[in-house]
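These are the residues of each chain, in order.
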Amino acid sequence: MKKSYCGLDFGTSNSTVAVLKDNNLAMAELEQKHTTIPSAIFFDMNKGDVSFGRKGVSLYHNRAGGRLMRSLKSLLGTSTMEDMCRMTLATGENKIFSYTDILGMFIKHLKTQSEEFIGDSIEQAVVGRPVHFVDYNKTADNLAQKQLEKVLQQQGFKDIAFQFEPVAAALAYESTVSKEETVLIVDMGGGTSDFSVVRISPQRHLKANRKEDILANDGVHIAGNDFDRLLSVDKIMPLLGYGVGGHTPIPNHYFMRLASWQEIQTLYNRKTIRELTEINRAVENKKLLERMIKVIEYEEGHLLAACVEDAKIKLTSDNQQTIGLSLIEDGLVASLTRQELEQTLAEKVGIIINGATRTVKDAGLQANDIQTIFMTGGSASIPVIRKNLQQIFPQANINNADMFGSVGKGLGIEANRLFH
Ligand SMILES: Nc1ncnc2c1ncn2[C@@H]1O[C@H](COP(=O)(O)OP(=O)(O)OP(=O)(O)O)[C@@H](O)[C@H]1O
Ligand SMILES: [Mg+2]
């Protein structure tokens, strides 16, 4: 087998890999014909095996009996990466993995799927990273990249270069332009929102070193998963006992963890159920926390989070949504308007918009120097974000082609430059 290289976008929610196939840059088919794969891992407790992506998610949704994990990228930079997860198979056998091991299984899957797609082995990669894995903590941020690099090395990557995800998106967009532009990249995914200001053109695209064209980069660890969490805390967690008054307030961290994609599975253990049962003894209205305990016992946290995410996504095109919560209780629903969603997200959206405008300032530019705003990532579809940006940059064209593929494609362009 020949040795090849790739551009790898390991995303909080979805991943893509750009490869060289028959001498052309192409997006690898990672799950049947799909060139994206949800960053999801499912441990089947009956069969004792592991599934990934859509297949893993659908096994979980069909109650195959097992543990789902998602958004593990958000654990990079934290000590949780070394924590052990114990899983008990139907046979009674215990399996224990660290999060580093689990991340490794997913990275390995991306690698083997890509290798199968091109028929060569892959040992070199340009890997995307957010501008900040962790906000306002340089040490933790460095640790995050180190942890990811270690996982990549353990899975057989020998030559690894990192590139900022929004810079990669700029390279992908650049491959489509016919004249020089100054572009603001806004990449809003599941975990982070990242910004770059880049000077692009067909001529510059051929240059080996782009240092002087990349005018500024910035980013915040706030994105789609935070929107889901805020929405869940506002609309769903009160139905499970959050914020319910009484003599003994229930510690908030249980609700916050159930509302946060990357932490849900940390509740799935007997100790948590014991603690909550104990707390509920002193609570007046026991019904609510009983719902919470049931959700944890049946490991339904990701189902709940998916209901919330689904409503959020539908509110991008609709004005009103009903969230069906029959999994908590027959007939239970929560309803929500786009306006309410925007109120819930307002503070975080403000931080993201400030981040984008700050990046333009850091580049030494004025708002009207930006010709194009290239928006990418799933959360960039949210109408209020677009509206805010258009107000601040009235003369800029907003372009949002290929919301899920541009970072991976740009990393592939960079890999071509480095490794070809
Ligand atoms: N139409 C939509 N409206 C609002 N949000 C959406 C829409 N479609 C997808 N999303 C959100 O986009 C996010 C996933 O986007 P994406 O796949 O770009 O993230 P990612 O690249 O995996 O994350 P990151 O780059 O932060 O590591 C999820 O939070 C999802 O709920
Ligand atoms: Mg992304």
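Residues take numbers from 1 onward in each chain, read along the sequence in its written order. Ligands are numbered from 1 and chains lettered from A, in the order in which they are written. Only residues with pLDDT of at least 70 get local features here, since the model is predicted, and only at 80 or more are side-chain atom pairs given and counted; chain-wide, interface and lining totals rely on the full set of residues.

1. Examining helix α12 (residues 406-419)
Turning to step 1, where the next piece is worked out: Between the first and last C-alpha of α12 there are 20 Å, a value that for 14 residues agrees with the 20 Å anticipated at 1.5 Å per step.
Turning to step 2, where the next piece is worked out: Of all 14 residues making up α12, ten are buried, and the element is well covered by its neighbours.
Turning to step 3, where the next piece is worked out: Here a residue counts as buried when 20 or more other C-beta atoms fall within 10 Å of its C-beta, as exposed when 12 or fewer do, and as partly exposed in between; the C-beta atoms come from the backbone. Secondary structure follows DSSP: runs of H or I at least 4 residues long count as helices, runs of E at least 2 residues long count as strands, and numbering of each begins at the N terminus. Considered for burial, the residues of α12 that qualify are S406, V407, G408, K409, G410, L411, G412, I413, E414 and A415. Every helix has an expected span of 1.5 Å times one less than the residues it contains.

2. Topic: the pairing of strand β2 (residues 14-21)
Turning to step 1, where the next piece is worked out: With respect to burial, β2 is a largely interior element, seven of its eight residues being buried.
Turning to step 2, where the next piece is worked out: At least two DSSP bridges between two strands are needed for those strands to be called paired. Note: strand β1 (residues 3-9) against β2, four bridges, orientation antiparallel. Counterpart to D9 in the pairing with β2 is T16.
Turning to step 3, where the next piece is worked out: In textbook terms, the turn of a hairpin is the stretch between consecutive antiparallel strands, and for β1 and β2 this stretch comprises four residues.
Turning to step 4, where the next piece is worked out: As paired strands, β2 and strand β4 (residues 37-38) are joined by two bridges and run antiparallel to one another. What sits directly across from S15, in β4, is I37.
Turning to step 5, where the next piece is worked out: Where β2 lies against strand β3 (residues 24-27), four bridges are found, and the strand directions are antiparallel. Looking at the pairing, K21 lines up with N24 of β3.
Turning to step 6, where the next piece is worked out: The antiparallel pairing of β2 with β3 creates a hairpin that spans two residues between the two strands, and D22 there sits at a positive phi of about 50°.

3. Some points on the domain arrangement of the protein chain
Turning to step 1, where the next piece is worked out: Bear in mind that the domain bounds are from an automatic or database domain assignment. What the domain assignment lists for the protein chain is domain 1 (3-163 + 409-419) and domain 2 (225-319).
Turning to step 2, where the next piece is worked out: Using only C-alpha atoms to locate each centre, domain 1 and domain 2 end up separated by 27 Å.
Turning to step 3, where the next piece is worked out: Residues are treated as contacting if the C-beta atoms built from their backbones sit within 7 Å of each other. The partner domain 2 presents eight residues to the eleven residues of domain 1 that form the contact.
Turning to step 4, where the next piece is worked out: Looking at the side of domain 1 that touches domain 2, the elements with two or more residues in it are α1 (53-61) and β7 (66-70).
Turning to step 5, where the next piece is worked out: Ranked by residues supplied to the side of domain 1 that touches domain 2, first place goes to β7 with four residues.

4. Notes on the packing of helix α10 (residues 338-362) against helix α11 (residues 383-392)
Turning to step 1, where the next piece is worked out: Axis separation between α10 and α11 bottoms out at 10 Å; the angle between their running directions is 40°. In terms of orientation, α10 and α11 fall into the oblique class. As for the relative orientation of α10 and α11, their crossing is right-handed in sense. Here E342, V349, I352, I353, A356 and T357 of α10 lie close against α11, whose contacting residues are V384, I385, N388, L389 and I392.
Turning to step 2, where the next piece is worked out: Classification used: nonpolar for Ala, Val, Leu, Ile, Met, Phe, Trp, Tyr, Cys and Pro, charged for Asp, Glu, Lys and Arg, polar for all others including Gly. The residue inventory of the contact of α10 with α11, partitioned by class, reads eight nonpolar, two polar and one charged. Only the contacting stretch of a helix is used when fitting its axis, a line to C-alpha atoms as for every element, and angles between N-to-C directions run 0 to 180 degrees. Comment on the angle field: the value is read as roughly parallel under 35 degrees, roughly antiparallel over 145, roughly perpendicular from 65 to 115, and oblique elsewhere. By convention, the crossing between two helices is left-handed when the near helix turns anticlockwise from the far helix through less than a right angle, and right-handed when the turn is clockwise.

5. Considerations on the site of ligand 1
Turning to step 1, where the next piece is worked out: Close to ligand 1 lie 23 residues, the nearest being G11, T12, G189, G224 and G378.
Turning to step 2, where the next piece is worked out: Put simply, the parts of the chain that give the shell around ligand 1 at least two residues each are α5 (224-235) and α9 (301-314).
Turning to step 3, where the next piece is worked out: No other element matches α9, which puts three residues into the shell around ligand 1.
Turning to step 4, where the next piece is worked out: Partitioned by chemical class, the residues of the shell around ligand 1 number four nonpolar, 15 polar and four charged.
Turning to step 5, where the next piece is worked out: When we break the shell around ligand 1 down by domain, the ones giving at least three residues each are domain 1 (3-163 + 409-419) and domain 2 (225-319). Only the C-beta atom matters for nearness: placed from the backbone, it must lie within 6 Å of the molecule or strand for the residue to count as near.

6. So, the sheet that holds strand β18 (residues 397-399)
Pairing between the strands of a sheet comes from backbone hydrogen bonds, and it takes one of two forms, parallel or antiparallel.
Turning to step 1, where the next piece is worked out: The mixed open sheet is built from five strands, whose spatial order is β14-β13-β12-β17-β18. With partners counted over all chains shown, the strands left at the sheet margins are β14 (214-220) and β18, one partner each. On average, each strand axis in the sheet is inclined to that of its neighbour by 20°, with strand direction left out of account.
Turning to step 2, where the next piece is worked out: As judged from the five bridges shared by strand β12 (residues 181-188) and strand β17 (residues 372-376), these two strands associate in the parallel manner. Counted as the bridge partner of V183 is T372 from β17.
Turning to step 3, where the next piece is worked out: Contacts between α11 and the sheet are confined to β12, β17 and β18, with β18 contributing the most and set at about 150° to the helix.

7. What about the sheet that holds strand β5 (residues 40-44)?
Turning to step 1, where the next piece is worked out: An order of β6-β5-β7 is seen for the three strands of this open sheet, with the pairing classed as antiparallel. For this open sheet the edge positions go to β6 (50-52) and β7, each flanked by a neighbour on one side alone. Recorded for the sheet is a direction-independent mean angle of 20° between the axes of neighbouring strands.
Turning to step 2, where the next piece is worked out: Relative to β7, β5 runs antiparallel, the two being bridged by five bridges. Among the inter-strand pairings, I41 is bridged to a residue of β7, identified as M69.
Turning to step 3, where the next piece is worked out: Packed onto the sheet, α1 meets β5, β6 and β7 and runs at close to 50° relative to β5.

8. Some thoughts on the environment of G11
Turning to step 1, where the next piece is worked out: Tracing the backbone through its elements, the reader meets G11 in the loop between β1 and β2.
Turning to step 2, where the next piece is worked out: The exposure class assigned to G11 is buried, which follows from the 25 C-beta atoms found within 10 Å.
Turning to step 3, where the next piece is worked out: The spatial distance from the C-alpha of G11 to the C-alpha of Q163 is 13 Å, given a sequence separation of 152 residues.
Turning to step 4, where the next piece is worked out: Setting aside chain neighbours within four positions, we find G11 in contact with S39, K73, G189 and G190.

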